Amino acid sequence: MRIVILGTGAGGGLPQWNCGCAHCDAARDGRIPPMTQSSIAVSANGTDWALINASPDLRQQLSATPALWPGQLRGSPIRSVLVTNGDIDHVAGLLTLREGQVFDLFATPAIHDVLAANPMVSALAADKVARRPVVMDQPFQIAPGLQATLFAVPGKVPLYLEGDTVDTGLVGEQTVGVEFTANGRRVYYIPGCAHVPDWLAARISGADVLLFDGTLWTDDEMVRAGLGPKTGRRMGHVSVFGPEGSMAGLAGLTVGQRIYVHLNNSNPLVDPDSPQRAEAAAAGWQIAHDGMEITP
Ligand code: MLT
Ligand code: MN
Ligand code: ZN
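Residues numbered from 1 in each chain as written. Chains lettered and ligands numbered in written order. Predicted model: local features only at pLDDT ≥ 70, side-chain atom pairs only at ≥ 80, totals over all residues. Heavy atoms only, no water.

1. Remarks on the overall build of the protein
As a reminder of what qualifies: Secondary structure elements are taken from DSSP: a helix is a run of H or I of four residues or more, a strand is a run of E of two residues or more, and numbering for both begins at the N terminus. The atom set for the radius of gyration is the C-alpha atoms, and the globule formula is 2.2 Å times the number of residues raised to the power 0.38. In this scheme, a residue with accessible area under 20% of its type's maximum is buried, one over 50% is exposed, and one in between is partly exposed, where area comes from a 1.4 Å probe on protein chains only. Using a 1.4 Å probe, accessible areas were evaluated by the Shrake-Rupley method; residue-level cover was limited to the displayed protein chains. Counting rule for charge: Lys and Arg are taken as positive, Asp and Glu as negative, and neither His nor the chain ends is counted. For this purpose, a charge sits on NZ of Lys, CZ of Arg, CG of Asp or CD of Glu.
From N to C terminus, the protein includes nine helices and 14 strands. The C-alpha atoms of the protein give 18 Å as radius of gyration, which agrees with the globular expectation for 296 residues (19 Å, within 12%). Taking the principal axes of its C-alpha atoms as reference, the protein extends roughly 50 × 40 × 40 Å. Taken across its 296 residues, the protein has 53% of its residues classed as buried. With an accessible surface of roughly 12,600 Å², the protein has 53% of that area assigned to carbon and sulfur atoms. Here the protein carries 20 positive and 28 negative side-chain charges, and the mean point of each set is 6 Å from the other.

Written as structure tokens, this is what we have:
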């Protein structure tokens, strides 16, 4: 199996266009690496690829990734696109794929409904881009030789569909994790997760690779930095650090490689020289970077 991290950042990326925080300024100055928004590409054979999430930065990400270039007058090695929720950082890039290329679009029925409710998404012509509703917990072939299984993880509806009250711990079709299997390997991709229940840790146990929600280091870091009123809990993202964080919740599992993805620009892990990076490394975690390739 081959996995390419196309984009490591959470919504907004690093630098975020309207943010002058120390991290965003450091990324503008070239002192820390920039991060485009959340997406990966996965292949079992190195020839046929599945895109998991289509970020607003997709065009730039495809240009930077030779494995995803056309290789012919018109065409693409991208056989399918799967979206794990309806968040803008995971679906806006679909509009970048409107040039009449044939591929399958996989999502849960609930997320397909969200996409279908937006008339702009009909730019992906139905005779070219087949909408494939995925039943939870049933394996399907997402690209030749590559099996995927979707499973619900704690989350919430997309920001733009929030009503007056928001359930931030929904477990259903609106937020899913993905299990990939190919060539005897097992890989998990979970870019959004509101907390780490025991059943989730048990499911991940024994994986070759885990790519997990690293949005925030601490639950209230955006509030304390003056960047906004929301905690991670309110955004549907478990923090990395702390007694209820993902480092603690996933400690002790046997996992080949554990890697944080979907990092917000407020997270000190975006700075390779931060003490938090060293702390995560000591706990066995790597931090993804754009263009990172993983071959489990
Ligand atoms: C998130 O992961 O919380 C979302 O990307 C927020 C957003 O849509 O901007
Ligand atoms: Mn996001
Ligand atoms: Zn910033």
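2. Side note on the coordination of the zinc ion (ligand 3)
Counted only if it meets this: Each metal site is built from N, O and S donor atoms within 2.8 Å (3.2 Å for Na, K and Ca), and since water is not included, such sites may look incomplete.
Binding of the zinc ion (ligand 3) to the protein goes through C19 (SG), C21 (SG) and C24 (SG), at separations of 2.2 to 2.3 Å. Within one chain, the residues donating to the zinc ion (ligand 3) are spaced in sequence as C-x1-C-x2-C.

3. Thoughts on the environment of D208
Note the cut-off: Pairs of residues are marked as contacts when any of their non-hydrogen atoms sit within 4.5 Å.
Along the chain, D208 turns up in the loop between α5 (198-204) and β11 (209-213). On the basis of relative accessibility, which here comes to 24%, the residue D208 falls in the partly exposed class. Leave out the neighbours within four places in its chain, and D208 touches G184, R185, R186, G256, Q257 and P296.

4. Remarks on the site of ligand 1
What counts is decided by this rule: By convention in this text, a residue qualifies as near a molecule or strand provided that one of its non-hydrogen atoms is within 4 Å of it. The term polar contact refers here to a pair of N or O atoms within 3.5 Å; inside protein, the definition further demands a hydrogen-donor-capable atom paired with an acceptor-capable atom, and it admits residues adjacent in sequence only when both atoms are side-chain atoms. Think of a 1 Å grid over just the protein atoms. A cavity is a set of points where a 1.4 Å probe fits yet cannot get out, a pocket is an open set with protein on both sides within 12 Å along at least five of seven lines, and lining residues have an atom within 4 Å of a point. The rule for placing a molecule in a cavity or pocket is simple: more than half of its atoms must lie within 2 Å of the grid points. Ten residue types, Ala, Val, Leu, Ile, Met, Phe, Trp, Tyr, Cys and Pro, are classed as nonpolar, four, Asp, Glu, Lys and Arg, as charged, and the remainder, Gly among them, as polar.
The environment of ligand 1 is formed by D87, I88, D89, M235, H237 and H262. Within the side chain of D87, an N or O atom sits 3.4 Å from an oxygen atom of ligand 1. The separation between an oxygen atom of ligand 1 and a polar side-chain atom of H237 is 2.7 Å. Protein contacts shield 76% of the accessible area of ligand 1, which totals 270 Å² for the unbound molecule. Most atoms of ligand 1, that is more than half of them, are within 2 Å of grid points of the largest pocket. Across the shell around ligand 1, the residue classes tally to two nonpolar, two polar and two charged.

5. Quick notes on the coordination of the manganese ion (ligand 2)
Around the manganese ion (ligand 2), the protein supplies D89 (OD) and H262 (NE2) as donor atoms, at distances of 2.0 to 2.2 Å. You can see D89 sitting in helix α3 (residues 88-91) and its partner H262 sitting in the loop between β12 (257-261) and α9 (275-282), a full 173 residues away along the chain.

Such coordinate-based values are descriptive only and should not be taken to indicate function.
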